[in-house]
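A look at the structure
Each chain is listed here by its residues.
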Amino acid sequence: MSIAEMSAEDALVALHGSLDERRRPEEIAHLVLRVVGGQLGLRERMALGRAARAAARWNGWSSMSADFARPVGAARQVDAAMRLFELRNGGVDPDDPASLLDF
């Protein structure tokens, strides 16, 4: 389904999914217009419209990958720090930023 055929709800889901993707700004402009276009002022709609129209260039093709590596936990770094500084496991969770900050 093309962006132009999406409902506002589907566009919102696509916007949320784009948070960990590398979508082209033109595609995001299309999605934003679908979700909140009616709530924007004329100037904002025009700016997004200009960006969205550029999405048709190159037929959607991009040399940039649409996906990229996801962050991984800090288990290796925590293990290395524990060995290096001869620490005991203080209950640090390598996947929790607050726990890592305390560590």
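Scope of this entry: the structure provided in the associated data block. This one's a predicted model, so the numbers in the text were calculated from it and none came from an experiment. (Residues numbered from 1 in each chain as written. Predicted model: local features only at pLDDT ≥ 70, side-chain atom pairs only at ≥ 80, totals over all residues. Heavy atoms only, no water.)

Turning to the pattern of salt bridges, a few remarks are in order. Side-chain pairs of opposite charge can arise whenever the charged atoms involved come near each other. Applying the stated criterion to the full structure yields 1 salt bridge. For E27, the salt bridge goes to R24, with nearest N and O atoms at 3.0 Å. According to the relative accessible area criterion, R24 is buried, its value standing at 11%. (Salt bridge = Lys/Arg side-chain N within 4 Å of Asp/Glu carboxyl O. Buried < 20%, exposed > 50% of the residue type's maximum accessible area, 1.4 Å probe, protein only.)

This paragraph deals with the packing of helix α2 (residues 25-36) against helix α3 (residues 42-53). α3 packs onto α2 with a crossing angle of 135° between their chain directions and a minimal axis gap of 7 Å. By the angle class used here, α2 and α3 are oblique. α2 and α3 meet at a crossing whose hand is left-handed. Within the contact between the two elements, α2 uses E26, A29, H30, V32 and L33 and α3 uses R45, L48, G49, A51 and A52. Of the residues contributing to the contact of α2 with α3, the split by class is 6 nonpolar, 2 polar and 2 charged. (Axes fitted to C-alpha atoms, helices over the stretch in contact; angles between N-to-C directions. Helix = DSSP H or I, 4+ residues; strand = E, 2+ residues; numbered from the N terminus. Parallel < 35°, antiparallel > 145°, perpendicular 65-115°, else oblique. Left-handed = near helix turned anticlockwise from the far one by under 90°. Contact = heavy atoms within 4.5 Å. Nonpolar A, V, L, I, M, F, W, Y, C, P; charged D, E, K, R; others polar.)

What follows concerns a nonpolar patch on the surface. On the surface, a cluster of nonpolar side chains totalling about 450 Å² of accessible area is made up of L84, F85, L87 and F103. Looking at the secondary structure, you find F85 in the loop between α4 (75-84) and α5 (97-102). (Patch = residues over 30% accessible without salt bridge, like charges linked within 9 Å, V, L, I, M, F, W, Y side chains within 5 Å. Areas by Shrake-Rupley, 256 points an atom, 1.4 Å probe, with all protein chains shown as cover.)

Counting 5 residues, the largest nonpolar core consists of M6, A11, A14, L15 and L31. Counting residues per element, this core draws most heavily on helix α1 (residues 8-17), at 3 residues. (Core = buried A, V, L, I, M, F, W, Y, C linked by side-chain atoms within 4.5 Å.)

For residues besides glycine, phi is generally negative; the peptide bonds are generally trans as well. Located in the positive-phi region is E86, a residue other than glycine, with phi close to 50°. Judged by its relative accessible area of 73%, E86 is exposed.

What sets the pattern is the α-helix's 3.6 residues per turn: residues three or four places apart point alike. For α4, the complete set of buried residues consists of V78, A81 and M82. Along α4, the residues classed as buried sweep out an arc of 100° about the axis, all on the same side. The outward face of α4, more than 90 degrees from its buried face, is lined by the exposed residues R76, Q77, R83 and L84. Buried positions along α4 lie against α5. Looking one or two places after α4, you find E86, whose phi comes out positive at around 50°. (Arc of directions from axis to C-beta.)

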